Amino acid sequence: MDMPMPIRKIIHVDMDAFYASVEQMDNPELKGKPIAVGGGSARGVISAASYEARKFGVKSAMSGRLAEKLCPDLIFVRHRFDRYKDISKKVRAIFLDYTDLVEPLSLDEAYLDVTENKIGLPSATIIAQKIRQRIYDEVGLTASAGISINKFIAKVASDYNKPNGQKTVNPEDVLQFLEDLDIRKFYGVGKVTAEKMYQKGIFTGKELKSKSLEYLDENFGKSGRYYYYVVRGIHTSEVKPNRIRKSLAAERTFSKNLSSEIFMLEKLEHIADEVSRRLHKSNVAGKTVTLKIKYSDFTLQTRSKTLPYFISDKNIILDTAKDLLYQEKLNNSVRLLGISLSNLNTERKEKPTEKDAVSVQLKFEF
């Protein structure tokens, strides 16, 4: 017998161009100008871009050189992560005035469960408006928000009216909203998966919904089941104030491309040392070691190996990373190497739930 869907009111708050907006706030001369945080060195990669820069196609994870070609007047600004963390703490303190169920995703975004909230307000939409106004009044920055019955829809909705806006997907509108949604906007569908879906005639949620669970399992593996349920408005993940770390990583971008594996081994030793240090600091260990390789042409490759036991020792991490490096021939010279450890001993396996009682949630007053 299926259990009823949990009834929730979820808000996803996303700061607008956070790093870049902080820099523009702290330096009024940068306001209204196209700026990029990071990416200023010869081989730098951009961490964030202001909305003025985004109009030219500049975006995060883009090389500084390409960004400068797209926007010749682009202003590069150095990172100030301590400052961003301070601002993030102030924003989080505002969230906690409304609910203790706050799940940060990063410095600039978080989920809030306001089903039961500290101010006793039944409208999640009004609570989101109040939070966004307080962020602007007390911090000086704008934020956008998405409001709906679960985390998936709330996150998708928060991107709709950016910057400085919000969108509520009411319970009775959920199914139509998801059917009309471009598949590229589904959280969890990346560029490669979107292209694969296009090839199979899946362009919107409606077309995704027409596919059977067996079809999606066969064509999209483990993610197929996720797609099957979220397009039907079913996403039971709770807002967890203490998010469980699922991986820990470190990586390095090199000033010159490396073509010799001998030089790469030297770099891997430093990276493994950093990963091990972070693992010990967090008091965690993991079983799966993943080697990340970014080539000079910016193509990305990952190689993974799962051990039968948990590890945190630098030497074991390094030896495993070496095995992965020699696993196959490198495609090109290398500009970045990274090591991550996942399958951590902090992960709690949750029993999967397959609930079709979404109608209960769709009748909830919002």
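Refer to the preceding data block for the structure.
Position numbers for residues start from 1 in each chain and track the written sequence from start to end. This being a predicted model, a pLDDT of at least 70 is required before a residue's local features are given, and a value of 80 or more before pairs of side-chain atoms are given or counted; all residues contribute to the totals for chains, interfaces and linings. Calculation of side-chain values draws on the structure's entire complement of heavy atoms; hydrogens and water are dropped beforehand.

**A look at the packing of aromatic side chains**
Here is step 1 of the chain: Side-chain rings of Phe, Tyr and Trp (the six-membered ring for Trp) are treated as a pair once their centres are within 6.5 Å; stacked means planes under 30 degrees apart, edge-to-face means over 60, and tilted covers the remaining angles. Counted according to the given criterion, the structure contains twelve aromatic pairs.
Here is step 2 of the chain: Seen from their ring centres, Phe81 and Tyr84 are 5.7 Å apart, and the 90° between their planes marks the pair as edge-to-face. Highlighted residues: Phe81 and Tyr84, both in helix H4 (residues 81-96), separated by three residues, approximately one helical turn.
Here is step 3 of the chain: Relative accessibility thresholds used throughout: buried, under 20% of the residue-type maximum; exposed, over 50%; partly exposed, between the two (1.4 Å probe, protein chains only). For Tyr84, a relative accessible area of 0% puts it in the buried group.
Here is step 4 of the chain: Pairwise contacts between aromatic rings join Phe152, Phe186, Phe220, Tyr226 and Tyr227 into one cluster.
Here is step 5 of the chain: Residue placement shows Arg54 over the ring face of Tyr51; its charged tip is 4.5 Å from the ring centre.
Here is step 6 of the chain: Looking at Lys196, its charged tip hangs above the ring of Phe220, at a distance of 5.0 Å from the centre. Each helix is a run of DSSP H or I of at least 4 residues and each strand a run of E of at least 2, with the numbering of both proceeding from the N terminus. Both a distance and an angle decide whether a charge sits over a ring: NZ of Lys or CZ of Arg must be within 6 Å of the ring centre and within 35 degrees of the ring normal.

**Some thoughts on the packing of helix H12 (residues 261-282) against helix H13 (residues 314-325)**
Here is step 1 of the chain: Between N-to-C directions, angles cover 0 to 180 degrees, with each direction set by a line fitted to C-alpha atoms, over the stretch in contact for helices. Axis separation between H12 and H13 bottoms out at 9 Å; the angle between their running directions is 140°. Put simply, H12 runs oblique to H13. Crossing of H12 over H13 shows right-handed handedness. When H12 is examined against H13, the residues Glu261, Met264, Leu265, Leu268, Glu269, Ala272, Asp273, Val275, Ser276 and Leu279 are found in contact with a partner set consisting of Lys314, Ile317, Leu318, Ala321, Lys322 and Leu325.
Here is step 2 of the chain: Three categories are distinguished: nonpolar for Ala, Val, Leu, Ile, Met, Phe, Trp, Tyr, Cys and Pro, charged for Asp, Glu, Lys and Arg, and polar for the others, with Gly belonging to the last. Looking at the contact of H12 with H13 residue by residue, the class counts come to ten nonpolar, one polar and five charged. Oblique is the label for any angle not under 35 degrees, not over 145, and not in the 65 to 115 range, which are roughly parallel, roughly antiparallel and roughly perpendicular in turn. Put simply, a crossing is left-handed when the front helix is turned counterclockwise from the back one by less than a right angle, and right-handed when it is turned clockwise. Contacts: residue pairs with any heavy atoms within 4.5 Å of one another.

**A few points about unusual backbone geometry**
Here is step 1 of the chain: Here Lys162 and Pro163 are connected by a cis peptide whose omega angle stands at -10°.
Here is step 2 of the chain: Summarising the element assignment, Pro163 is placed in the loop between helix H6 (151-157) and strand E8 (166-168).
Here is step 3 of the chain: Residues other than glycine seldom take positive phi values, yet Asn283 does so here, at roughly 60°.
Here is step 4 of the chain: Mapping Asn283 onto the fold places it in the loop between H12 and strand E10 (286-295).
Here is step 5 of the chain: Positive phi, close to 75°, is recorded for Phe298, a residue that is not glycine.
Here is step 6 of the chain: Mapped onto the elements, Phe298 comes out in the loop between E10 and strand E11 (300-311).
Here is step 7 of the chain: Residue Phe298 is classed as partly exposed on the basis of its relative accessible area, which comes to 39%.

No statement about biological role is implied by the geometric values presented.
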